[in-house]
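The chain contents come next:
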Amino acid sequence: MTIFKLILVAIISYLLGSLNFGVILSTRIKHDDVRSHGSGNAGSTNMLRNYGKAFAVLTIIGDMAKVGIAILIAFLMIKEKELTGYKLFGDNATIMLKSFAGFFCVIGHIYPCFFKFKGGKGVATSGGMVFLVDWRIALILLAMFIITVAVTQYVSLGSILMAIFYPIYTFAFYLSIPLTVIALVFSVIVIVKHKENIVNLLEHKENKITFKKKEKKHKFKH
């Protein structure tokens, strides 16, 4: 019975993850598809570059909220005591269930069945999951991200560094192999989705982000 519930949690989490807010907001409000512009990604950075700060913030909120809903549903369906008999879950049943639901939500975000399996890179959704798993690790990673972006203006570099250090901090805090392996899987997914950014960073071709308003150029007729 518990196995069936876990399968159902995986399906529901994937479907919730497939509600990609970058695509939803751009198509419903702007009558456009953000994936047809810039990097072709449906994440907050591409939303910021094409539609502005408000759309980027709404995308982040939506993509983080859906993983929270997925985890909430998981706990409504499965009680912690149901997982104690499984060695994989061990003494970290609560965190493992959060990570389990979060994993499938992130997969749905990256490969959304509602949008031809072309979604975002999973950074905001993974970030939402990390906050719900352990806010301490999340704050450390967020600080790392903010400092990196502030210094370099590369959002991709901040995202990649968060992915690299997530399993490291997970092991440091919990000394748990299963939890570390799950964190490592998240990291690999995010890093693989950033492979083009990594190449661009190495070749110094990566686009920088700026929050300053661009000055309008005035054309003079002669």
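This report concerns the structure included in the present document. What you see is a predicted model; the values in this text were computed from it and never measured.

Analysis parameters
Residues numbered from 1 in each chain as written. Predicted model: local features only at pLDDT ≥ 70, side-chain atom pairs only at ≥ 80, totals over all residues. Heavy atoms only, no water. Helix = DSSP H or I, 4+ residues; strand = E, 2+ residues; numbered from the N terminus. Buried < 20%, exposed > 50% of the residue type's maximum accessible area, 1.4 Å probe, protein only. Contact = heavy atoms within 4.5 Å. Axes fitted to C-alpha atoms, helices over the stretch in contact; angles between N-to-C directions. Parallel < 35°, antiparallel > 145°, perpendicular 65-115°, else oblique. Left-handed = near helix turned anticlockwise from the far one by under 90°. Nonpolar A, V, L, I, M, F, W, Y, C, P; charged D, E, K, R; others polar. Salt bridge = Lys/Arg side-chain N within 4 Å of Asp/Glu carboxyl O. Core = buried A, V, L, I, M, F, W, Y, C linked by side-chain atoms within 4.5 Å.

### Side note on the overall build of the protein
Reasoning step 1: Looking only at helices and strands, the protein features 10 helices and 0 strands.
Reasoning step 2: Listing each helix as α and each strand as β along the protein from the N terminus yields α-α-α-α-α-α-α-α-α-α.
Reasoning step 3: Reported as C-alpha extents along the three principal axes, the dimensions of the protein are approximately 80 × 35 × 25 Å.
Reasoning step 4: Residues counted as buried form 44% of the 222 residues belonging to the protein.
Reasoning step 5: Taking contacts inside the protein between residues at least 6 apart in sequence as the whole, the part at least 24 apart equals 66%.

### Remarks on the packing of helix α1 (residues 2–17) against helix α5 (residues 93–110)
Reasoning step 1: One way to put it is that α1 packs onto α5 with a least axis distance of 6 Å and a crossing angle of 40 degrees. Judged by the inter-axis angle, α1 sits oblique to α5. As for how α1 packs across α5, the hand of that crossing is right-handed. Of α5, the residues touching α1 (which contributes L6, V9, A10, S13, Y14, L16 and G17) are L97, F100, A101, F104, C105, I107, G108 and H109.
Reasoning step 2: Its residues placed into classes, the contact of α1 with α5 shows 11 nonpolar, 4 polar and no charged.

### Some details on the pattern of salt bridges
Reasoning step 1: Per the stated rule, a full pass over the model turns up 4 salt bridges.
Reasoning step 2: Linking K66 and D63 is a salt bridge whose minimum nitrogen-to-oxygen distance equals 3.2 Å. In this pair, K66 and D63 are both assigned in helix α4 (residues 53–77), 3 residues apart and thus about one turn of the helix distant.
Reasoning step 3: A salt bridge links D134 to R136, with the shortest nitrogen-to-oxygen separation between them at 2.7 Å.
Reasoning step 4: Given a relative accessible area of 4%, D134 falls into the buried group.
Reasoning step 5: According to the relative accessible area criterion, R136 is partly exposed, its value standing at 35%.

### Quick notes on the nonpolar core
For soluble globular proteins, nonpolar side chains are generally found buried alongside one another.
Reasoning step 1: Counting 35 residues, the largest nonpolar core has I78, L83, L97, M129, V130, L141 and Y166 as its most contacted members.
Reasoning step 2: Of all the elements in the fold, those that place two or more residues in this core are α1, α4, α5, α6 (123–133), α7 (135–152), α8 (155–174) and α9 (177–193).
Reasoning step 3: Counting residues per element, this core draws most heavily on α5, at 8 residues.
Reasoning step 4: Look past the residues within four positions of Y166 in its chain and what remains in contact with it is M129, V130, V133, I137, L141, A183, F186 and S187.

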